[in-house]
Amino acid sequence: MKYLLIIPAVIVLLLLIALVRTLVMPKKKSDYRANEDEQESIRLAGKLSEMIKYDTTSHTDISEVEKFLGFHKLLEKLFPLVHEKLEKTEIDGNLLYFWKGESSEKPILLMSHQDVVPAEGEWSHEPFSGDIDDGKVWGRGAADTKASVMAFFEAVEELLAEGYTPPTDVYLASSCTEEWGGDGAPKIVAELKRRGIELYLVCDEGGAIITDPIGGINGNFAMVGVFEKGHADVKFTARSTGGHASAPSKNTPIARLSAFITDVEKHSPFKKKLLPEVAAMFSTLAPYASNFGLRFFLGNIWLFKPLLIALLPSISAQAAAMLKTTIAFTMQSGSDAYNVIPQEATLGANMRFIPHQGEKESIEIIKNLAKKYDLETEVIYSSDYSEPVDINGEAFHLVENVIGETFPGLASSPYVMTGATDARFYQEICKNCVRFAPVIYGPEQMKGMHGLNENMEYNCLPGAVRFYKNLIKAQKK
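Reading the values: rules and limits
- Residues numbered from 1 in each chain as written.
- Predicted model: local features only at pLDDT ≥ 70, side-chain atom pairs only at ≥ 80, totals over all residues.
- Heavy atoms only, no water.
- Helix = DSSP H or I, 4+ residues; strand = E, 2+ residues; numbered from the N terminus.
- Phe/Tyr/Trp six-rings, centres within 6.5 Å; stacked < 30°, edge-to-face > 60°.
- Buried < 20%, exposed > 50% of the residue type's maximum accessible area, 1.4 Å probe, protein only.
- Lys NZ or Arg CZ within 6 Å of the ring centre and 35° of its normal.
- Core = buried A, V, L, I, M, F, W, Y, C linked by side-chain atoms within 4.5 Å.
- Contact = heavy atoms within 4.5 Å.
- Pairing = 2+ DSSP bridges.
- Axes fitted to C-alpha atoms, helices over the stretch in contact; angles between N-to-C directions.

## Description of unusual backbone geometry
Moving on, step 1. For the bond running from Asp144 to Thr145, omega is -10°, close enough to zero to count as cis.
Moving on, step 2. Inspection of the secondary structure assignment puts Thr145 in helix H5 (residues 142-161).
Moving on, step 3. Residue Asp92 is not a glycine yet carries a positive backbone phi of 55°.
Moving on, step 4. On the secondary structure map, Asp92 appears in the loop between strand S1 (87-91) and strand S2 (94-99).

## Some words on the packing of aromatic side chains
Moving on, step 1. Under the criterion given, the structure shown has 18 aromatic pairs.
Moving on, step 2. When the ring of Phe407 is compared with that of Phe467, the centres are 6.4 Å apart and the planes differ by 15°; the resulting orientation is stacked. Taken as a pair, Phe407 in the loop between helix H13 (394-406) and strand S15 (411-417) and Phe467 in helix H15 (residues 461-474) lie far apart in primary sequence, 60 residues in all.
Moving on, step 3. Note on Phe467: relative accessible area 0%, which makes it buried.
Moving on, step 4. Linked through ring pairs, Tyr32, Phe79, Tyr97, Phe152, Phe153, Phe407, Phe436, Phe467 and Tyr468 together constitute an aromatic cluster.
Moving on, step 5. When the ring centre of Tyr200 is taken as reference, the NZ or CZ atom of Lys106 above it lies at 5.0 Å.
Moving on, step 6. Stacked on the ring of Tyr164, the Lys or Arg Lys473 has its end atom at 5.7 Å from the ring centre.

## Quick look at the nonpolar core
Moving on, step 1. With 100 residues, the main nonpolar core has Leu172 and Met456 as its most contacted residues.
Moving on, step 2. It is H5 that provides the largest number of residues to this core, a total of 12 residues.
Moving on, step 3. Discounting chain neighbours no more than four positions away, the residues touching Met456 are Leu48, Gly135, Lys136, Val137, Ala142, Ala143, Ala147, Val439, Ile440, Tyr441, Gln445 and Leu461.
Moving on, step 4. With 22 residues, the next largest nonpolar core counts Val234, Val264, Ile327 and Met351 among its residues.

## Thoughts on the sheet that holds strand S9 (residues 230-239)
Two strands in a sheet stick together by hydrogen bonds in their backbones, pointing the same way (parallel) or opposite ways (antiparallel).
Moving on, step 1. With antiparallel pairing, the four strands of this open sheet are ordered in space as S11-S13-S9-S14. Unpaired on one side and paired on the other, strand S11 (326-333) and strand S14 (376-383) mark the two borders of the sheet. Between one strand axis and the next, the sheet turns through 20° on average, direction left out of account.
Moving on, step 2. In this sheet, strand S13 (residues 344-353) lies alongside S9 in antiparallel orientation, the contact comprising 10 bridges. Across the sheet, the residue bridging to Asp233 is Asn350, located in S13.

Structural data, given as structure tokens:
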């Protein structure tokens, strides 16, 4: 009986401790805005506009080297000093530049891709117009990712104009196959390996200055990607003897596939876990929560971790994806006629692997579940998650410090990439592959990437250039 009384008392005590911690937690507000010089913003917008006007759409497994060689000529025109002073290597349309520093210790590489996804549908501004209107630069690639390509080229261009020599070796890289996971970045990595280069820091796209990153967390935040989930394309096949639809048997191929989908959707077979990087993100964002309840939960993960793991999937699909391996069913095929039961029906899915349940284990789980419905599983493509950057390490703190120096008042936080970038290919020659583009992605920019009416607000471009300049200089400090 005594023990039964102790348990509620302990719970009340823990809740009181959490309450006091929340009450004394300084309430913060993210009020960073890109208040930049209009004339400079428009000047940089002009360069980004020229880059957007050149169509660099890439297509899966199609070599389009000549197209990208033409784009390189535009880069030479926009950034003449970069091409005069730096050592340039072109590999099948992919670019690598070398800028000799005062030292070869702890070399850094700045990167983002040249290619863009196809632009379909009806746009308010033509997708390759590069229009500058309403404070934005419009067109495919504005946000993903010609803005960051422009920014680091411009940063080096300006430093060269000042006669600056970097404290350590600097590399610039840009592949032309990122959008379909092609061999562009691996070719650049192979060249760096041939030269015996071990990079200290890679800064690629992925995270960014994101507006309202989580429901209830308002304002702009530097979300720094520290690893990305692995991914796979998987095909499930159900077979039968077929037959006429007028006399259907039970457990037809499509019925089995449907039952499989329903089972996975209703009872996810993958384990949820709050990774240290995700916990750090919530703890960082907690003081910025717009209401007390959210601050109470996010600011006391030590107590509410099980509750957060249980509730987050119902609050945010993005947050849920940071907790577990996910599977999304994306393609399906069956009979070519309404009155024919198919002899074969297929289902396509995209999987994203989390570190605590990686590629091998996750695929094995889904294969075993598919067997219950007499489905064959074929892995079309698969790669595992990338190793996380140490969020307590020197390199991550370096990036945080540069963000703080460049964007006063902007909070920075670790961030888990649920998508894929070229940075994953650099893991074998760099332990610190950070995913962060120093531009502002508001709801409109997030919606436009790979969608309609992609654009970038041009007032954030000077800050992006300044970030790369500060990052290049930071090794001296």
